[in-house]
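Report on the structure
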Amino acid sequence: MSELLVSGGQVLRPDHSVERTDVLLDQDSGEIIDIGDLSGDDELDAAGGLVIPGLVNAHTHVAMTLLRGYADDKQLDAWLQEDIWPAEAELTAEDVRAGAELGLVEMIKSGTTALNDMYFFMSEVADAVEAAGMRARLGYGAITIGNDDEAAREEMRDSLAFAREYDGAADGRIRTAFMPHSLTTVGEEYYREFVPEAREAGVPIHLHANETTDEVDPIVDEHGQRPLAYAADLGLLESEDYLAHGVHLDDGEIDLLAERGAGVVHCPASNMKLASGMAPIQDLLDAGVAVGLGTDGAASNNDLDMFDEMRDAAMLGKLAAGDASAVDAYSVVEMATRGSAEILGFDSGRIEPGANADLAVIDLDAPHLTPAHDLVSHLAYAARGSDVRHTVCDGQVLMRDREVTVFDEQAVRERASERAQSLVGRAD
Ligand SMILES: CSC[C@H]1O[C@@H](n2cnc3c(O)ncnc32)[C@H](O)[C@@H]1O
Ligand SMILES: [Zn+2]
């Protein structure tokens, strides 16, 4: 058995207490073996650092790094229709591979070990995730509006086929989901036909929902129901399902989510940048709804740094509730770790024997992390992705002393820059 000892650091435990101890990882099984005063074959120096569970980005479109800064300062509908979708229509498989690798490097460098991704050319994303050594739940994003019936059904079939083929890939680090894009971009008849097939395939369903009032109002007008009542009627919102955003939810919809056990992935930076609104996160937590955290794509954020996202979630949550005690540091650290991991069905997000050996070591030796009254507070409010010293997933070191070990970072950046340039040239 090959072992890795993460030694000499302080460790964030599942109850968010902090203990000075070592963590021993089994690199063959990819699990945490033990926590204590230990020894191992190989060592990763965590002295002066805080060992935390690897962060879990539960909603992104990782290859959208190619469109970072391409279209800013617009509301969701105009942004998608005038800029993003025309550019995405020009995407090739090679573009998605280059954009995905860039996004994964950015994630590794900011302590993220697992992600959920919805996009196009998903076999490229899967190959990139496998090469990165990360953990992911992946799905092809199906859109039926604007397509004739045959093309629409093809979209849904493609999403199911990807989910069936790739579930369990990369030695089980890749899991999949059926991913219709949203309640307004996929027609009712296609949900009625394909949701039962997804259930039969045994994969969860992930979609965007209740992101803007422009999306909620037409559903209420057309179906006479709130969007999540409509979704439940279509067979969505089972306990393994999870939606992104959930900004405009009424009390009945919050209760419905709690009753059914479906999860919500909060994307605060994207919701602020696109002026979509303020999600009722404290109300969701109070109702017992499972809440995770995601960056959304880099074109609406504009980075993939989960430390930024924790801070944004706490700040926006307080503003939304009109209460400074709402969405506190503990809650956002929980959302970015165990909350997101549970929604994605990964036994990660906690440093405990038996859990996945997914972790990051944060360097505490920095002016903005001094003094160290409360390290959970620092994670939520003061730490940055650039404070991450090492990143480990499945027991393998993905970054050591800020050197990414799984990709040639410079080559990835150059390839992505070239691809991005050519993509926007074709689109403009
Ligand atoms: C069909 S693949 C995913 C699809 O979603 C688009 N997208 C990116 N960000 C958002 C968002 O905040 N709401 C809705 N859709 C979004 C992305 O550009 C792809 O087209
Ligand atoms: Zn999204």
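Residues numbered from 1 in each chain as written. Chains lettered and ligands numbered in written order. Predicted model: local features only at pLDDT ≥ 70, side-chain atom pairs only at ≥ 80, totals over all residues.

1. What about the packing of helix H4 (residues 149-166) against helix H5 (residues 188-201)?
- Orientation of H4 relative to H5, taken along the N-to-C sense of each, is 10°, at an axis distance of 11 Å. Between H4 and H5, the crossing angle belongs to the class labelled roughly parallel. Contacts from Ala152, Arg153, Met156, Leu160, Ala163 and Arg164 in H4 reach Tyr190, Phe194, Glu197, Ala198 and Ala201 in H5.
- Residues of the contact of H4 with H5, tallied by class, amount to 8 nonpolar, no polar and 3 charged. (Axes fitted to C-alpha atoms, helices over the stretch in contact; angles between N-to-C directions. Helix = DSSP H or I, 4+ residues; strand = E, 2+ residues; numbered from the N terminus. Parallel < 35°, antiparallel > 145°, perpendicular 65-115°, else oblique. Contact = placed C-beta atoms within 7 Å. Nonpolar A, V, L, I, M, F, W, Y, C, P; charged D, E, K, R; others polar.)

2. Re unusual backbone geometry
- Asparagine 302 follows asparagine 301 through a cis peptide bond whose omega is 10°.
- Within the secondary structure, asparagine 302 sits in the loop between strand S16 (291-293) and helix H11 (306-321).
- Following threonine 370, the chain continues to proline 371 via a peptide bond in cis, the omega torsion being -5°.
- Checked against the element boundaries, proline 371 lands in the loop between strand S17 (359-363) and helix H13 (375-381).
- Positive phi values are uncommon outside glycine, yet phenylalanine 121 reaches one of about 50°.
- By the secondary structure assignment, phenylalanine 121 is in the loop between strand S9 (112-119) and helix H3 (122-132).
- The exposure class of phenylalanine 121 is partly exposed, given the 18 C-beta atoms found within 10 Å.
- A positive phi angle is found at aspartate 296, which is not glycine, with a value near 65°.
- Summarising the element assignment, aspartate 296 is placed in the loop between S16 and H11.
- We classify aspartate 296 as buried; it has 26 C-beta atoms within 10 Å. (Buried ≥ 20, exposed ≤ 12 C-beta atoms within 10 Å, placed from the backbone.)

3. Observations regarding the site of ligand 1
- Contacts to ligand 1 come from 16 residues, most closely from Ile84, Gly141, His181, His208 and Gly297.
- Elements with a contribution of two residues or more to the shell around ligand 1: helix H1 (76-88) and S9.
- When residues in the shell around ligand 1 are grouped by element, the largest group, 3 residues, is from H1. (Near = placed C-beta within 6 Å.)

4. A closer look at the sheet that holds strand S5 (residues 31-36)
- As summarised here, the arrangement of the 4 strands in space is S5-S4-S1-S6, forming an open sheet in which the pairing is mixed. Whereas interior strands pair on both sides, the edge strands pair on one side only; in this sheet they are S5 and strand S6 (42-45). For this sheet the average axis-to-axis angle between neighbouring strands, irrespective of direction, equals 25°. (Pairing = 2+ DSSP bridges.)

5. Focus on the UniProt feature "binding site: Zn(2+)" (unreviewed entry) in the chain
- On the UniProt side, "binding site: Zn(2+)" (unreviewed entry) is annotated at positions that read His59, His61, His208 and Asp296 here. These residues run over 238 residues, yet every pair of their C-alpha atoms falls within 11.9 Å of each other.
- Tracing the sequence through the fold places histidine 208 in strand S13 (residues 206-209).
- Its 25 C-beta neighbours within 10 Å are what place histidine 208 among the buried residues.
- Residue contacts for histidine 208: discarding those within four places in its chain leaves His181, Ser182, Leu243, Ala244 and His245.
- Aside from chain neighbours lying at most four places away, what touches aspartate 296 is His59, Thr60, Cys267, Ser270 and Asn301. (UniProt positions renumbered as here; feature names shortened; annotations may be inferred.)

6. Some points on helix H14 (residues 409-427)
- Between its first and last C-alpha atoms H14 spans 27 Å; for 19 residues at 1.5 Å apiece the expected length is 27 Å, and the two agree.
- Restricting attention to buried positions, one finds in H14 the residues Val412, Ala416, Arg419, Ala420 and Leu423. Buried residues along H14 cover an arc of 105° about the axis, so they all sit on one side. Those residues of H14 that are exposed and angled more than 90 degrees off the buried face are Gln410, Ala411, Glu418, Gln421 and Gly425.
- At its buried positions, H14 is contacted by H1 and helix H2 (93-109). (Expected span 1.5 Å × (residues − 1). Arc of directions from axis to C-beta.)

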